[in-house]
Amino acid sequence: MAWLTCPTVPATDDATVEPARAQAFKAPIGTHDVLPPESARWETLVAAFATHFGRAGYGLVQQPMFEEIGVFRRMGEGTDVVRKEMYDFLDKGDRHLALRPEGTASVVRAFVEHRPTLPWKVWYAAPSFRYEKPQAGRYRQHHQLGVEALGTADPDLDVEVIRLLGDFYASLGLRRVDLAVNSMGTPEDRRAYVDTLRSFLVGRIRDLAPEDQEKVEAFPMRVLDSKRAATRAVVADAPSIVEHLSAGAAAHFDRVQAGLRALGVAFRIEPRLVRGLDYYTHTTFEFQSEALDAAQNTIGGGGRYDGLVEQLGGPPTPGIGFGSGIERVLLTCDAEGVFGAPQRRVDVFVVDLVGGDAARDLTALLQRSGVSVDRAWDGRSLKAQMKAADRSGAAWALIVGEDEQVAGVVTVRDLRGGTGQHPVARDEVLAHLRARI
Ligand code: HAM
């Protein structure tokens, strides 16, 4: 056996033997760290989303990062997410679990488990995991801001959800965002349309890209999502679902369009917009950025899923929601030159030249009093500490040297020029700063 032949490393406490340098790891492919100052943009974005949807009656839902795999299979056996992209695994108790690839199925699972009062309106900000081919705007771990609203089939809720998301993008300063909407009709409309579409595609099968030909029989809808040129040419002539809506579904879609027009929300109807997941009924929509590459330009998408609660074991309950990728939203902000990282700075920086007690005590006093304050470490030189004070963006430096210590004062220096510097009695520092910050 191979492991028996491994050379054993003798244990040694010989200090002259150089320890091997430990391996330096990198974040897994398709994932990334978000560090300050960029992370301040994430904080601000999530806070703005929470406020925007909180005002409209949505509450935060916080959920497990993994679920039993069956929860996610309801997204559709024919979808890429379920067929190829799931991060699934057996845990130590042999349970088949998967990291969440999206938020909707988990929210619906929680709804069925807890049966909250209707309508139930929630928002989330959470990572999603998909084993995709990583590229700009497409990652193996991405983060979604999303909402789900369950318990009413009222088309005006579709209008509200779409309008709120459009308003959110506008509040970030985004201008080059285009809204596409479509209707998938009722589950029966959808089934009838799938048959019509399959017959059409079978007739043109030789013209489709080879990878798409195998989808025609079992998953004809997925052919409509294809980005391959040969398939797109065929799909351009395919029958459109909006021409196959039942009277009820057409009335629902008409009401949605009328609502969007009444509220001045610009949109176009996109009959090929079926989205990559199988649970959609009635309204589907996508916000696309004109500032991003076409392959990854959907910054937010969603729709109705009136059968999903039943598929996950609950009572018939309609629902609608969307997910919007934080990374893509921020890429769009960069491309449009809006919503930059906010400057993070403290108000006060403590410089201690007397061994550290003054910095320890003053910093604690000010932090406990709610003042934003930072300090230097390791007893560094005045020059090094003043440099650190500059980098911190502080408006005021509190300097304690030997003279100050003997006199029981602190030198308060105005780092933005203006008032220069002057001594302040140690027990008046807090009041002095409060009057100036
Ligand atoms: P989705 O279209 O699969 O829908 O994803 C929502 C958004 O997440 C996309 O519009 C995109 O901005 C972002 N996104 C998706 N995959 C990636 C990726 N690999 N890398 C970066 N960003 C990505 C859903 O997930 C549905 N759960 C949305 C929904 C909620 N429908 C109803 N309710």
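Thresholds applied
Sequence positions are assigned chain by chain, starting from 1 and proceeding in written order. Confidence filtering applies because this is a predicted model: local features only for residues at pLDDT of at least 70, side-chain atom pairs given and counted only at 80 or more, and all residues used for totals across whole chains, interfaces and linings. Hydrogen atoms and water are omitted, and side-chain values are computed over all heavy atoms in the structure. Pairing between strands is defined by DSSP: at least two bridges between them are needed. The helix count covers DSSP runs of H or I at least four residues long, the strand count covers runs of E at least two residues long, and both are numbered beginning at the N terminus. Axis definition: a line fit to C-alpha positions, over the contact stretch in the case of helices; interaxial angles, taken between N-to-C directions, run 0 to 180 degrees. Throughout, the edges of the domains are those of an automatic or database domain assignment. Only buried residues count toward a nonpolar core. Its members are Ala, Val, Leu, Ile, Met, Phe, Trp, Tyr and Cys residues joined through side-chain atoms within 4.5 Å. The buried label goes to any residue with under 20% of its type's maximum accessible area, the exposed label to any with over 50%, and the partly exposed label to all in between, with areas taken from a 1.4 Å probe on protein chains only. In what follows, a contact means two residues having at least one pair of non-hydrogen atoms within 4.5 Å. Under this definition, polar contacts are N or O atom pairs within 3.5 Å; protein pairs additionally need one hydrogen-donor-capable and one acceptor-capable atom, and for neighbouring residues in sequence, both atoms have to be side-chain atoms. Pairing of aromatic rings covers Phe, Tyr and the six-membered ring of Trp, with a centre-to-centre limit of 6.5 Å; geometry is then stacked below 30 degrees between planes, edge-to-face above 60, and tilted otherwise. Any residue with a heavy atom positioned within 4 Å of a molecule or strand is treated as near that molecule or strand.

1. Quick word on the sheet that holds strand β15 (residues 409-414)
So, point 1. Here 5 strands make up an open sheet; going across it, the order is β13-β12-β14-β15-β16 and the pairing mixed. Two strands close off the open sheet at either side, each with one partner strand: β13 (373-375) and β16 (421-425). The average angle at which neighbouring strand axes cross in this sheet is 30°, direction not considered.
So, point 2. Alignment of β15 against β16, held across 5 bridges, turns out to be antiparallel.

2. Quick notes on the domain arrangement of the chain
So, point 1. According to the domain assignment, the chain contains domain 1 (38-185 + 245-336) and domain 2 (348-434).
So, point 2. The C-alpha centroid of domain 2 is placed 49 Å from the C-alpha centroid of domain 1.

3. Some thoughts on the nonpolar core
So, point 1. In terms of nonpolar packing, the biggest core is built from 41 residues, with Val108, Leu150, Leu201, Met221 and Leu224 touching the most fellow members.
So, point 2. Taken together, the elements giving at least two residues each to this core come down to α2 (69-73), α3 (80-83), α4 (104-114), β5 (120-129), α6 (187-203), α8 (220-224), α9 (229-235) and α11 (308-311).
So, point 3. Sequence-distant contacts of Leu224, defined by excluding residues within four places in its chain, comprise Tyr193, Leu197, Val235, Ala238, Arg272 and Val274.

4. Structural notes on the side chain of Ser289
So, point 1. Mapped onto the secondary structure, Ser289 falls in strand β9 (residues 281-289).
So, point 2. By relative accessible area, Ser289 is classed as buried at 1%.
So, point 3. Within polar-contact distance, the side chain of Ser289 engages the backbone nitrogen of Ala291 at 2.9 Å.
So, point 4. A distance of 3.4 Å separates a polar side-chain atom of Ser289 from the backbone nitrogen of Leu292.
So, point 5. Setting aside its immediate chain neighbours within four residues, Ser289 contacts Arg176, Asn297, Ile299 and Thr332.

5. Digging into the packing of aromatic side chains
So, point 1. Across all of its chains, the model carries 14 aromatic pairs by this definition.
So, point 2. Note on Phe49 and Phe53: the rings are 4.6 Å apart at their centroids and 40° apart in plane angle, and the pair reads as tilted. Pair noted here: Phe49 and Phe53 are both in helix α1 (residues 38-54), with a separation of 4 residues, about one helical turn. There is no split in this pair, since Phe49 and Phe53 are both buried.
So, point 3. A ring pair is formed by Tyr169 and Phe287, whose centres lie 5.3 Å apart and whose planes are at 75°; its orientation type is edge-to-face.

6. A closer look at the site of the ligand
So, point 1. Near the ligand lie 26 residues; those nearest to it are Glu102, Thr104, Glu132, Glu148 and Tyr280.
So, point 2. Interatomic distance of 2.6 Å between a side-chain N/O atom of Glu132 and a nitrogen atom of the ligand.
So, point 3. In this structure, Phe322 approaches the ligand through a main-chain N or O atom, which is 3.3 Å from a nitrogen atom.
So, point 4. Those elements that place two or more of their residues in the shell around the ligand are β6 (141-150), β10 (298-304) and β11 (319-325).
So, point 5. Among the elements that line the shell around the ligand, the one with the most residues is β10, at 6 residues.

7. Focus: the sheet that holds β11
So, point 1. Spatial ordering of the open sheet is given by β1-β5-β6-β11-β10-β9-β7-β8, a layout of 8 strands whose pairing is mixed. Each of the sheet's edge strands pairs with one partner strand only, and the pair in question is β1 (59-60) and β8 (268-269).
So, point 2. Pairing geometry for β1 and β5, over 2 bridges, is parallel. Note on β5: the bridge partner recorded for Gly59 is Val122.
So, point 3. Docked against the sheet, α1 engages β5, β6 and β11, running at close to 5° with respect to β6.

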